[in-house]
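Results of the structural survey
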Amino acid sequence: MSAKINWTLAALFALTMAANFAVRPDPDVPNIDYLPDMAHSAAYASFSPNPILPEGKTMQPPVPGTLPRGVTPLHFQATPEDALRAGAELKSPLDPEKAKIRGTVVYQNFCTPCHGGSMRGDGAVALHGYPAPPNLKGEKSLKLTEGQMFHILTFGQKKMPSYATQLTPEDRWSVIAYVKSAQSEAEAAPSPAAPSPAAQSTATPPAAAQPQPAQEVKK
Ligand code: HEC
């Protein structure tokens, strides 16, 4: 009664075991799930059909009139009238001093290609044939309120594209804080008529040098 291994049977056994894994009627579904702990969820998958919920869908549309968390609705349309209304009604929720630090980075990344580092509309894209944007430190742009700029960044204006998908509302307000601060510096410099006592002593040479390039670019 010596137990001997029949090697032919052992080999056939190994072969049939291997065939359990290798031969599958549906290649996407394994015959044997090894440790299938989390493979089969009891819950419906978001996009799977659903016999219980309305329209047979698992994922339901949001209830009309509701907003996702953290989203502030903007009650303006892409019309010139609404651009003016935005200018009167919209105010930045950010502290301008803090916001312009982030705004500097946003400007360098998103605005310099067209508007240029100097804001005179001489960015690389404009120098290669794209219609040059106006000088953001020019007379017309200086009159834009922060709300109008927010409307421009959100909806675009003529050749200026919308930045609503690239920039969060917070980044839009940050870059506006940066542009506004650069504008007020430009405004303070070339006005020898009403210099502040502090500016008079230090800012005289740049004040004298700056009006010319600013006027050259103005159209
Ligand atoms: C693809 C090039 C391009 C980029 C990038 C771009 N702009 Fe402009 N921008 C323009 C053009 C062109 C105009 C002029 C639109 C018009 O004719 O009214 C303009 C106009 C503006 C105006 C209005 C100026 C005025 O006096 O009416 C503001 C403000 C402005 N851009 C800010 C920005 C800021 C901030 C960024 C970065 C987030 C930016 N732009 C990025 C091309 C660009």
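Sequence order as written defines residue numbering, which begins from 1 separately in each chain. Thresholds applied to this predicted model are a pLDDT of at least 70 for local features of residues and 80 or more for the giving and counting of side-chain atom pairs; totals over whole chains, interfaces and linings are not thresholded and use all residues.

1. Some words on unusual backbone geometry
Unusually for a residue other than glycine, E55 sits at a positive phi of about 60°. Examined against the element boundaries, E55 turns out to sit in the loop between α1 (7-22) and α2 (80-89). With 8 C-beta atoms packed within 10 Å, E55 lands in the exposed category. With a phi angle near 70°, M119 is a residue other than glycine that sits in the positive phi range. Strands here are runs of E lasting at least two residues and helices are runs of H or I lasting at least four, both read from the DSSP assignment and numbered beginning at the N terminus. Within the secondary structure, M119 is located in the loop between α3 (96-115) and α4 (124-127). Exposed residues have 12 or fewer other C-beta atoms within 10 Å of their own C-beta, buried residues have 20 or more, and residues in between are partly exposed; the C-beta atoms are placed from the backbone. You can call M119 buried: it has 24 C-beta atoms within 10 Å.

2. Thoughts on the nonpolar core
In terms of nonpolar packing, the biggest core is built from 20 residues, with Y107, M149, F150, V175, I176 and V179 touching the most fellow members. Those elements that provide at least two residues to this core are α2, α3, α6 (146-155) and α7 (169-188). For this core, the leading source of residues is α7, giving 6 residues. This entry defines residue contacts through backbone-placed C-beta atoms, with two residues in contact when those atoms are within 7 Å. Setting aside residues no more than four positions away along its own chain, M149 makes contact with L144, I176 and V179. The nonpolar core criterion groups buried Ala, Val, Leu, Ile, Met, Phe, Trp, Tyr and Cys residues into a set whenever they are joined through C-beta atoms within 7 Å.

3. Some words on the site of the ligand
Any residue whose backbone-placed C-beta atom lies within 6 Å of a molecule or strand is treated as near that molecule or strand. Neighbouring the ligand are 25 residues, the closest being C111, C114, P133, S141 and M160. The set of elements that each furnish at least two residues to the shell around the ligand consists of α3, α5 (139-142), α6 and α7. Top contributing element to the shell around the ligand by residue count: α3, with 5 residues. Residue type decides the class: Asp, Glu, Lys and Arg count as charged, Ala, Val, Leu, Ile, Met, Phe, Trp, Tyr, Cys and Pro as nonpolar, and the leftover types, Gly among them, as polar. Here the shell around the ligand is built from residues that sort into 19 nonpolar, 3 polar and 3 charged.

4. Quick notes on α1
Each residue after the first adds 1.5 Å to the expected span of a helix. With 16 residues, α1 ought to run about 22 Å at 1.5 Å a step, and its terminal C-alpha atoms sit 22 Å apart, in line with that. Counting buried positions over the 16 residues of α1 gives 0, only a small fraction of the element.

5. With respect to the environment of T104
Mapped onto the elements of the fold, T104 is located in helix α3. In sequence terms T104 and V175 are 71 residues apart; their C-alpha atoms lie 6.5 Å from each other.

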